[in-house]
Each structure stands twice: as structure tokens, then as C-alpha cells.
Amino acid sequence: MGWIDYAYWIALLPLIGFVLELFIGKYTWKQGGIFANLTILGSTIISIGTLIEVLGGARIDVSVPWFYQGIVVGYMIDPLAIVMLCMVSFVSLMIHIYALGYMEEDPDKSLYFAETSLFTCGMLGLVLSNNLLQLFIFWELVGLCSYLLIGFWWYKPEAAAAGKKAFLTTRVGDVLFLLGIILLYYNVSHLPEPLTFQYIFSLEVLEAIPPTHLTAIALLFLGGAVGKSSQFPLHVWIPDAMEGPTTVSALIHAATMVTAGIYLVARTYPIFIASPGALVIVAVLGGFTALFAATLGLVVNDIKRVLAYSTISQLGYMLCMLGVGSIIGAFAVGYSLFHLISHAFFKALLFLCSGVVLHGLADTRDLREMGGLLSRMPITAIAMLIGALSLSGFPLTAGFFSKDRIIETAYEYGVATGDYLPWIFILLAALLTAIYTFRLWFMAFTGEPRSYLAEHAHEGSKIMTAPLIVLAAFALGFGILQSRFYEFVGANFDTHLIGELAHLGGYHLHHGGEVPLIIMILPAICAIGGIAIAAGIWYNNRVDLSRYISKSNPIYRLLWNKYYLDYIFKDLIAERLFGFVALLAEAFDRCIIDGIVNGISRAIIAIGSGLKRIQTGVVETYATAVVIGVVILILLIGGVL
Amino acid sequence: MAGPITWILLVLLVGAIITFLTRTLQQARIVALISSGIALLISILMYLGYESGAGMQFRESVMWIPSLGIGYNVGVDGLGLPMVILATLISFLCVIYAWGEEHRANQFFALVLLMDMALVGVFASLDFFLFYIFWELTLIPMFFLIGVWGGPRKDYSAIKFLIYTHVASLAMLLAIFAMYYFNGKMTGTYTFDMIYLLDAYSRGMVPISPYWINLIIGGMLFGFLVKMPAVPFHTWLPDAHVEAPTVGSILLAAVLLKMGGYGLFRVIIPLMANPDASTRFVLVIAVFGVVSILFSTFVALAQKDLKKLVAYSSIGHMGYVSLGVAGAVAFGTSDIPRILANTGAMYQMFSHGIITAVLFGSVGVIQHATGTRIIEDLGGLTKHMPKLAFIMLAGFLASLGLPGMSGFVAEFSILTGSFPQLPHFVLLAMFGIVFVAAYHLWAIQRALFGPYNEYLGDIHDIAIYELIPLAILVALIIVLGTPNPVCNHLYHGVMQPTATHILSILPEGGLL
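Residues numbered from 1 in each chain as written. Chains lettered and ligands numbered in written order. Predicted model: local features only at pLDDT ≥ 70, side-chain atom pairs only at ≥ 80, totals over all residues.

Chain B carries the name NADH-quinone oxidoreductase subunit M in an unreviewed UniProt entry, which gives Candidatus Syntropharchaeum butanivorans as its organism. The heading Sequence similarities (unreviewed entry) in the UniProt record of chain B holds the text "Belongs to the complex I subunit 4 family." Listed in UniProt under the heading Subcellular location (unreviewed entry), the comment for chain B reads: "Membrane". (UniProt positions renumbered as here; feature names shortened; annotations may be inferred.)

As named in an unreviewed UniProt entry, chain A is NADH-quinone oxidoreductase subunit L, taken from Candidatus Syntropharchaeum butanivorans.

Below, the structure written as C-alpha cells:
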């Protein structure tokens, strides 16, 4: 018996933490947080212990039956799962430690820690799941926690509205995902041994499903991923979700939950690669989202929203990687996951840094009111610089290694298929990423303070800066593990099986394409160039941009209004169109349906008062009527029977 | 020696009489608590003693009016037993919930017990005559609960409820008589025995014309669809709910509506197995189901009254039951999804019962505390009512089908199980899921979150006697929605064998 046999405790411990925080957290040390931190520390230890065993070749997959045949609950550990488990538990631990300081003053601290514990349980359970239905259940559980935590400060109207928006937008994706599960069930339930929802993607099973259905299933799963991982066009909820506490943004809307969509595609990669056409859509959609979100990040002044757009953009990279992976097969999962994990480190770091800034500036999120914070909060400034460098893909940081490989593969994909679109998208996005990231950093930390609050800003407490230092170390150094990681996670799926499946899906796998040197260094050039451009414009506010930043500039207006997508979705579709349909249905219900019912009763009353005149009071008339009635009745029954 | 079902009925009847005769609130509620508690206890003992897959159990059969073939004939299977438990459980919790009811308390609690008895009778009767008596008996306590303890338009609503559902019951009664007479005429045995009659008709052993068998099914179906209720026969329900006292609403939505769904499984499916029955009824039921789901959802989106919103959510959830039944009887190459759909529809009946009780219970607390149910007049209630907010949020999330709660297990089963047979209907139903979430979250956001509406003044949180029953139900919702022996046993051990048995009467592969 090793760690791996107890791996289900990775998810169970935070559940215990949730219960304890909810009911007795208030009465313990510092009014909450102790149970959440201890249980997640436990999860982290078990995860790391299990990782060591999995590196040595251990695997596990255990199920017990649930309510119907083929429907099971269980857990499985393979390289893909364990790297996610380690990342989620570790990053969650860092953020929980930080939250001890960040949420110190909050009166509902124990409730906060209860909810984040439940979230951590859900996220770890999602990764541990060995079947799609269970994954879906945890998928919704983390969605619920996201809803609750965005609206944690429920008395703020924006927070309550943002929570609802997040839930409903992802719900659109969830319905698609659910439909995908149902369609998969439809195709596999009649197989001799119905392993319906488990991740058993053997050639025989996938061959038995008609290609059109297979593609439909893959695209429906992609729909779920688009909602959860906030990809175009369902990306609209993440920026609003920034109304929640910053620790929530770091944990849920940057490092962990939003990567669940990527994890889903990676987990069901055999289905995707066996589906004709599905991966092309994945590649283009991911690439487009990467660029699209990056353009939005350029104009936002809210420090957290800039980071939110960068999250959308980076998730686009991961998705794009899985899409262009149609030319390299199983290794795509390794490449994508490496970026996912390095992103988790540097993005959690960036958010936590912005949290310190918010704390220091009485919750001001507007970059225009910052400036000159470098001298006032040096640790945070340096940590954020490291995060920004990593996000921009500055050479030798973690982000450089992980992003560089994606851009290169996209180029190889272009060579192999003639479709350079994903590559162009993500290359441009890399340039923009460097620009907006350093716009943020320069605007916040350099120059003169632009407000009273910024002048009197202060560094965060030790319990908050310590996690920053740890995460900064990972954001810098995680790249060392690159080739080891690719070997480990890239081997998650049987290469031979993926090869056969790719054949089924009509994809041609290439090996060892040569990439010209100039293409190889292009990402680095983009990163450094972008930083230089940002420095040229925003370092000490050297360039006056007010000529461009105005409502009369159509491009600025388009970006400022977020391409009008929020307007279309919320105002036009949700409120006008469906609001109108609802009013119509309500009027139909009240006037027509109920009108007919009441009309009938009125008609009967009218007939009754008409018939009242028959009541003459003469017994003979009644007797005649009775006799006639009985005769008719007898005739009727006799005739009919 | 009387069996457990008779004991339940007797305890409740005697309890109702004694409660009626009590003088004080204290006496009334204690007698009611004890008798409904004993009824619940007996039904739980029945559940524990229930043998999985062994057909009708706890049967008692006594000739009542031999000349007409009427018998006191009761028993339960995996369909009836959960419904009996639902009735006794909800009634027991209603007694606790209404602990503070002071207005004519003895009558109030007596009516709750009478209601409990009538409902148990409906779900346990195996004789059509007895079934009809209990069926109609449920109207009386509900009529008085609305008419005496109701809101401003209580008279209109009570009368509408009574007449509307009574007319529908008459259609059912005529169908029962037709079954009785035709069978008696053709085979010489005049009997109201439910099992016997349904068996005879399902095998086509009573040679009657297709016209008559379809008329019988139509009459029965009309009675059940009005009770469920299915759109467009639903307008009595929102009116009744708006005026009914909270306990009346809970009983109505949680248990009374289930009588309609129960009829679909118990009566309609066997009748549809008749070789002469029109297979179009499958589509009819499916259309009623999907229209109920979608229409009720959009109407709910436009509601301003929280209670009316919850009432429309009930219509949608019962639409899932119809959809599941249609999906179960429709033709499919594999039995596995069909049984899944049928079991899911049964599970939905139980699950919706406990979920909707939480919803109506929470709304009742809000009305009691603030004096209004208009969503726009509420706001930020969490500030003064954190416990209520917790319960209500849990109930609303369960109602919108959140996984990990009982509604998801049921609705997932229905959708997944019906999809192979009726893909287009399932797609339409799934279209509604986002909007179901929308109106639930919209109501929560406006009522519980945001800044507190100071015009409401200083309000109290939920009382302990209201909290306990609702908390028990929330716990049950979670237990029945997560993997554990209780959920597995109810689904797999109790309902599924009966669901399989019910479908086994149909021709191989189903209808259509």
C-alpha cells in the first residue's frame, strides 16, 4: 500500500475542512481558516507523495457502482491527473495561506474558508474522477462555488449580478457538455459491456461510433470547455467575476477552475483526435480567443480585469495547443498541460500581487489612480515583475518555455496543413500580451503616485508576501522541468492508440519537423519587443495617449465596449428577446389559457341561469323529464353495448 | 390482524378526529405530531422491510361490497411505497412547520392529517373504487385549507381548484366505469380490482373496439394530466398556490400533484400495452411533457410573485415526469435507456416532492417575516435572515437541477434515458435548462442578495420549528443526490425493479 491507494483523500480532506469551517470555524483560531489550511496542506502532501509513486510507474483506477448500470463513481490516477492534483492543491494552499492575511478583517471569514475549501474539494474531485458523469458533477460543484464566491460580498449589487452572470454563461456550456455526455451514452449504451462514462477510449469503442456523432460529441464537449474556460464567445463572465475577493479570482478564475475546460479536452483527447474536423475548430477557436482577449486587455484600466483578459488569452493558448496537436498526437497533451501549470503559478502570483495592491490602496482597482508603487511595496512590485515577465514569455522564465513550444507547434501545424491562422493569431497575441502586461506594471509601479491613496500605499503583511515569494520562484524556475514534464504527461495516452485514432479522425501525425531559427526566436522577439513598446509608452508615462483614448476613436470605442458582445448577449438576447418571450408566454397563459377556462365556467353559469326557468315547480313536468331521461339512457347504453 | 397500510390509515383517521376535538393549540399540535409521526414511522418500517423486486407487498384484501366487486384492497410496490413515504414524511414535517399556527388550530391540524390519510390511500389502493374514493377525498381537506386559511382571493381559488380537478376526476371515473362494465360484460367477472383489470386490459383479454380502449385511456390521461398538472390544464395550480396557506401549498405541490404522475405509471402504461391502444399516446404524453417544461419556464421568467414563480417551477418539473414516461414507453432498440427513463421519472416524483417543499417552505417564511412575496419589494434578505438564505439557496439550487442534489439524478436519468427514443423532445427540454437556471438565480439575486431593502424594517430570521423540517429536507435532497447506500437503495433496489416490471408489460422494444 502506497500513497496512491489513499489518493481519494486528496479530495476528501478539503470536504472535511469545509464542514468544519462551516460549523465550528468561527470559534477557532482567528475566527476561521485553520481547518481549510490544514486539510489542504494534507491534500498537498498526499498529492506529492502520490506524484513520486506515479513517476515510478504506479497507476490506479477504482470504481464502485452508483444508481444505474454503467454509472459509477471512482477515482483514477495517471500522469495527467497527478500533475493537475499537485498544481491545484499546491496553488490552493498558497492562496489559502495568503487569504489568512487578505481576509483577516472580513466578518464572514469562516464562511469564506468553508466555501474555498469546498471549491478545492470540487476541483480535486474533478481531476480525480474516473468517469465523465462524475466529472460533470464536480464540474458543476466548482461552478457553484464560483457563483457563491463571486457573490461572497452579496450586499454589493455588482457582485450579486456578476455571480449570476457567471453561473448562467457557464450554464450554456454545461448544457452542451451534458448533451455531449448523453450523446456518448446513446452511442455506447448498447455495447456488450457498457462502460458508459468511464474514460475507456479504446479503438473498438470509438470505431463503433459513427464519425458524425463522434465529431458532435467532441464539439459538445468543446462547448462545455468554452463555457468553463471562458473562451470566445462565452468569455463574457470572467471580467465581471472580478467583483469577488481577489483570492477567489486567483484561485478560481485564474489558476484552477477555468482550466477545467482545458483539462476536459485533454482528458477526452482520444475522442477529439478520432473526430474528423474537431481539432481544427479547437485550434482556430483557441488561437482566436488568445488574440481577441489580448486586444481587450489593452484598454481596460481595472488592474484585475487586465489580468482576467490575460487569463482568457492564455487559456486560448492551451486550447490552441490541443488543436494544433493534431499533427503531433499524444504529446500535445503534455505541451498544453505544461503551459496550464506554469500559467497557474504566474497568474496566481499576479493576482495575489494585485491583491496586495488593492489592500494597500483601499480596494482601488483603477490603474490610473496608481503609480509609483515600486518604492512603497518593493516585494510585491518585484514579485509582480517576475509574474509579468513570465506571462509575457520573457526568455528563461517558466512562461517562456511553455508558450514558446506552443507557438512553435502552431507553426509546424501551419507547415503540415497549410493553415497558418492559429500561428498568426497566437504570435500576435504574444506581442500584445507583453504590451498590456507591462502597461499594467509600468502604470502601477513606476512614475509618480497619481492619487492620495497611491501616495500612502503600504506593503502587505508577511503572511501575504511569503506565498508571493514561493510562487515567484515557481514562475521563474518551473521551466527547468520542461522536457521531463513533456515525457511524463505526453506519455499519458498510449502513443500507438493515439496514432490509430488519428487515422480514424483523418489526421496525419508528423514527427520531428524542422523549424527555422528565425521562427524559433520570434516568440522571444515578440515578448521583448512588447515590453520595450510598453516601456516606451508607459514607463513614467512618457507618451501622452489622450489623443487615442477617446470615445471618438472608433477602434478604442469598439474595444472599450468589448466588441459589444456584452450588449448583444445581455441586453439584446437575454433581456429583450427572452424577456419578451417570457412576457408573451405569461400573457398567453393568463389571458388565453386561463381565459378559456374561466370562459367555460362563465358559459356554464349562463346556461344554468337559462335553464333555471325550466324549474317550474310542477311535479308532473319533473316526472316526465325523469322518465324521458331514463329511456334515453337505456337506449344509449343498450345501443352502445 | 391488520397490516401496516391499514394501521397508517387508521392512525391518521383517528388522529384527525381527536385533533379536531381538542380545545387548545398545544393539544392539537401534539396529537397531530404524534399521529403523523407514527404514520411516518410505520411507512419507514415498511420501507426497511420491503423486499426488492418482489412485486406488490404488504397486501391486504377484504371484500367490501361483494355484489359490485368492490374490495378493500391495498398494497405497495416500488412505485407506491416511496409515494407513501413522501406523503407521511411531508405531512409530518408540515405539522412541525405549522407549529405556530394559531387560527382554528384543531381544524387546521385535523385537515393536515386527513390529507395525509387520503394521500396514503391513493398511493396504496389496489382497487379502482377505493382509489377513486381516496382520490376525491384529497380534494376536501385542500379545499378547506385554501378556503379557510387562504389569502384574499381564497374563495375564487378554492372553488376553481375544486371544480377543475373534480371535472377531470369525473373523466377518470367514467373511464373506470367503462373498464369495469366492459370487463364484466365480456368475462362475466364484475370487479374493481386494479391489478386484475389492468392485467386484463393490458393483455387485450377484454375484446373491445380500439375506439373504446382509446377513449378509456384518454379519460384516464385527462384526469392525470390535470392533476400533475400539464400545460394547458394547469391554470388552477398557480391560483391555488397564491391563495393557499404555506402548509397547503407544500402538501399540494409536494404530494398532491404526484397523484397525477402516479397514475401515469400505475394506469396509463399498462393500458397503453393493450394491442388496440393507439401508439399516438406516446407522442401525446411527450408533447405535454415538453410543452409543460418550456412553457412553464418562460412564464416563470415573467413572474413577479415569488410563490407563483415556484408554482410554475413545479409544472416544469412534473413535465419531466411526463417526458420520462413517454421516453420509457417509446420504441427503442435497447431496454437499458428505457428503464433508466422510467426509473428517473419515478425518482423525479420523490425528488420534486422534497425540493418543492423546501421552496414553498422558504417562501412562506419570507411572507411571514416581511409580509410580501413580490420579488422587487424584497432584497438583501441575507442580512437579517442568513439561515433562511442558506436553506432557500439550497432549495433553489436543487430545483434548477444542480448535480449532487436529488433533482439532477432524476433529470439526468430522464434526459439520458429518453434521448435514444425521443431525441428531438429531449433536445427541446434541454433548451429550457439554461432558462430554468435563469429564473431561479434571478429570484435569488433579487430577493436574498444586494443591499437590504430598509422599508422591510427589522425582520426576524426563520423560526426553529420552520428551520428543522426544511433542514431535514435539504439534507435528504443531498443524500438522494450523491453516491451513498440510501440513494442507491431507493433508486436501484426499490424503484428500478418496479420500473422494469411496469415496462415488461409492453411489447418488446416499446411502442411507436
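From this point on, the discussion continues.
Draft legend 1. Local environment of the overall build of chain A. Broken down by element type, chain A carries 27 helices and two strands. Burial status across chain A gives 56% buried among its 641 residues. The contacts in chain A between residues at least 6 apart in sequence include a share of 82% that link residues at least 24 apart. (Helix = DSSP H or I, 4+ residues; strand = E, 2+ residues; numbered from the N terminus. Buried ≥ 20, exposed ≤ 12 C-beta atoms within 10 Å, placed from the backbone. Contact = placed C-beta atoms within 7 Å.)

Draft legend 2. Quick look at the overall build of chain B. Across its full length, chain B holds 21 helices and two strands. In terms of C-alpha radius of gyration, chain B reaches 22 Å, essentially the compact-globule figure of 24 Å for 512 residues. Considering only C-alpha atoms, chain B reaches an extent of 70 × 55 × 45 Å along its principal axes. Taken over 512 residues, chain B has a buried fraction of 64%. Across chain B, contacts joining residues at least 24 apart in sequence account for 81% of those joining residues at least 6 apart. (Rg over C-alpha atoms; globule rule 2.2 N^0.38 Å.)

Draft legend 3. View of the packing of helix α19 (residues 421-445) of chain A against helix α24 (residues 517-538) of chain A. Residues and elements named next belong to chain A. It is the contact of α19 with α24, at a shortest axis distance of 7 Å, that shows an interaxial angle of 35°. Crossing of α19 against α24: the hand is right-handed. Contacts between α19 and α24 involve Leu427, Ala430, Leu431, Thr433, Ala434, Ile435, Phe438, Arg439, Phe442 and Met443 from the former and Leu522, Pro523, Cys526, Ala527, Gly529, Gly530, Ile531, Ile533, Ala534, Ala535 and Trp538 from the latter. Looking at the contact of α19 with α24 residue by residue, the class counts come to 17 nonpolar, three polar and one charged. (Axes fitted to C-alpha atoms, helices over the stretch in contact; angles between N-to-C directions. Left-handed = near helix turned anticlockwise from the far one by under 90°. Nonpolar A, V, L, I, M, F, W, Y, C, P; charged D, E, K, R; others polar.)

Draft legend 4. Spotlight on the UniProt feature "domain: NADH:quinone oxidoreductase/Mrp antiporter transmembrane" (unreviewed entry) in chain B. The UniProt record marks residues 125-434 of chain B with the feature "domain: NADH:quinone oxidoreductase/Mrp antiporter transmembrane" (unreviewed entry), using the residue numbering of this structure. When the span residues 125-434 of chain B is considered, its composition is 76% helix and 0% strand, and the gap between its end C-alpha atoms is 39 Å.

Draft legend 5. Region of the structure containing the UniProt feature "domain: NADH-Ubiquinone oxidoreductase (complex I) chain 5 N-terminal" (unreviewed entry) in chain A. Under the local residue numbering, the UniProt record ascribes the feature "domain: NADH-Ubiquinone oxidoreductase (complex I) chain 5 N-terminal" (unreviewed entry) to residues 71-113 of chain A. Along residues 71-113 of chain A one finds 67% helix and 14% strand; the C-alpha atoms at either end are 32 Å apart.

Draft legend 6. Local environment of the domain arrangement of chain A. In terms of domains, chain A is made up of domain 1 (277-491 + 516-556) and domain 2 (567-640). Distance between the C-alpha centres of domain 1 of chain A and domain 2 of chain A: 67 Å. (Domains from an automatic or database assignment.)

Draft legend 7. Region of the structure containing the pairing of strand β2 (residues 70-76) of chain B. Residue and element names in this part refer to chain B. Counting buried residues in β2 gives six out of seven residues, a clear majority hidden from the surface. Note: strand β1 (residues 57-65) against β2, six bridges, orientation antiparallel. Among the inter-strand pairings, glutamine 57 is bridged to a residue of β2, identified as valine 76. Between β1 and β2, which follow one another and run antiparallel, lie four residues, and glycine 69 among them has a positive phi close to 70°. (Pairing = 2+ DSSP bridges.)

Draft legend 8. Fine view of the nonpolar core. Residues and elements named next belong to chain A. Of all hydrophobic cores here, the largest spans 455 residues; its most connected members are Val265, Ala348, Leu349 and Ile426. Here this core gets 19 residues from one element, more than from any other, and that element is helix α15 (residues 331-360). If we skip the residues at most four places from it in the chain, isoleucine 426 touches Gly287, Ala290, Tyr317, Cys320, Ile406, Ile407 and Ala410. (Core = buried A, V, L, I, M, F, W, Y, C linked by C-beta atoms within 7 Å.)

Draft legend 9. The arrangement of the environment of A:Lys30 in detail. Residues and elements named next belong to chain A. Note that lysine 30 resides in the loop between α1 (9-24) and α2 (34-55). Of the residues examined, lysine 30 has 12 C-beta atoms within 10 Å and is grouped as exposed. With 568 residues separating them along the chain, lysine 30 and asparagine 598 place their C-alpha atoms 63 Å apart.

Draft legend 10. Highlighting the interface of chain B and chain A. With 43 residues of chain B in contact, the opposing surface of chain A contributes 39 residues. Among the elements of the structure, α13 (280-301), α15 (335-370), α17 (406-418), α19 (433-448) and α21 (485-504) of chain B are those that each provide at least two residues to the side of chain B that touches chain A. The element contributing the most residues to the side of chain B that touches chain A is α19(B), with eight residues. Partitioning the side of chain B that touches chain A into residue classes produces 29 nonpolar, twelve polar and two charged.

Draft legend 11. Quick peek at helix α8 (residues 194-202) of chain B. All names here are of chain B. Where α8 is concerned, the buried positions are Met194, Leu197, Leu198, Ala200 and Tyr201. End-on view of α8: buried residues confined to an arc of 160°, all on one side of the axis. On its buried face, α8 is in contact with α5 (128-137), α7 (154-187) and α12 (258-272). Looking one or two residues past α8, glycine 204 carries a phi angle of roughly 70°, positive in sign. (Arc of directions from axis to C-beta.)

Draft legend 12. Quick look at the packing of helix α14 (residues 303-324) of chain A against α19(A). All names here are of chain A. The interhelical angle for the contact between α14 and α19, taken along N-to-C directions, is 160°, at an axis separation of 11 Å. As far as their axial angle goes, α19 and α14 are roughly antiparallel. Considering the relative orientation of α14 and α19, their crossing is left-handed. Along the contact surface, α14 presents Ile303, Val306, Ser310, Ser313, Tyr317, Cys320, Gly323 and Val324, while α19 presents Pro422, Ile426, Ala429, Thr433, Tyr436, Thr437, Leu440 and Ala444. Among the residues making up the contact of α14 with α19, the classes are represented as eleven nonpolar, five polar and no charged. (Parallel < 35°, antiparallel > 145°, perpendicular 65-115°, else oblique.)

Draft legend 13. Summary view of the environment of B:Ile505. Residues and elements named next belong to chain B. With respect to the helices, strands and loops of the structure, isoleucine 505 is situated in the segment after α21. With 321 residues separating them along the chain, isoleucine 505 and glycine 184 place their C-alpha atoms 22 Å apart. Beyond its immediate stretch of four places on either side in the chain, isoleucine 505 contacts Ser202, Pro270 and Ala273.

Draft legend 14. Inspection of helix α21 (residues 462-477) of chain A at higher detail. Residue and element names in this part refer to chain A. For α21, built from 16 residues, the straight-helix expectation of 22 Å at 1.5 Å per residue is met to within 8% by its first-to-last C-alpha distance of 22 Å. Every buried residue belonging to α21 is among Met464, Thr465, Pro467, Leu468, Leu471, Ala472, Phe474, Ala475 and Leu476, and all of these are buried. Of the surrounding elements, those touching the buried residues of α21 are α3 (79-102), α15, α17 (378-392) and α18 (398-417). (Expected span 1.5 Å × (residues − 1).)

Draft legend 15. Just the pairing of strand β2 (residues 72-77) of chain A, in detail. All names here are of chain A. Looking at chain direction, strand β1 (residues 60-65) and β2 are connected through six bridges and run antiparallel. The residue bridging serine 63 from the neighbouring strand is glycine 74, located in β2. Connecting the antiparallel pair β1 and β2 is a turn made up of six residues, with glycine 70 showing a positive phi of about 85°.

Draft legend 16. Local environment of unusual backbone geometry. Residue A:Pro233 follows A:Phe232 across a cis peptide bond; omega there is 0°. In the segment running from B:Val231 into B:Pro232, the intervening peptide bond is cis, with an omega of 10°. You will see that A:Tyr563, though not glycine, has its phi angle at about 60°, which is positive. Of note, the phi angle at B:Phe58 is positive, near 55°, even though the residue is not glycine.

Draft legend 17. Quick peek at the environment of B:Tyr347. Residues and elements named next belong to chain B. Along the chain, the position of tyrosine 347 falls in helix α15. In the structure, tyrosine 347 is positioned 143 residues away from leucine 490 in sequence and 8.4 Å away in space, judged by C-alpha atoms. When near neighbours in sequence (up to four residues on either side) are disregarded, tyrosine 347 contacts Val409, Ala410, Ser413, Tyr491 and Met495.

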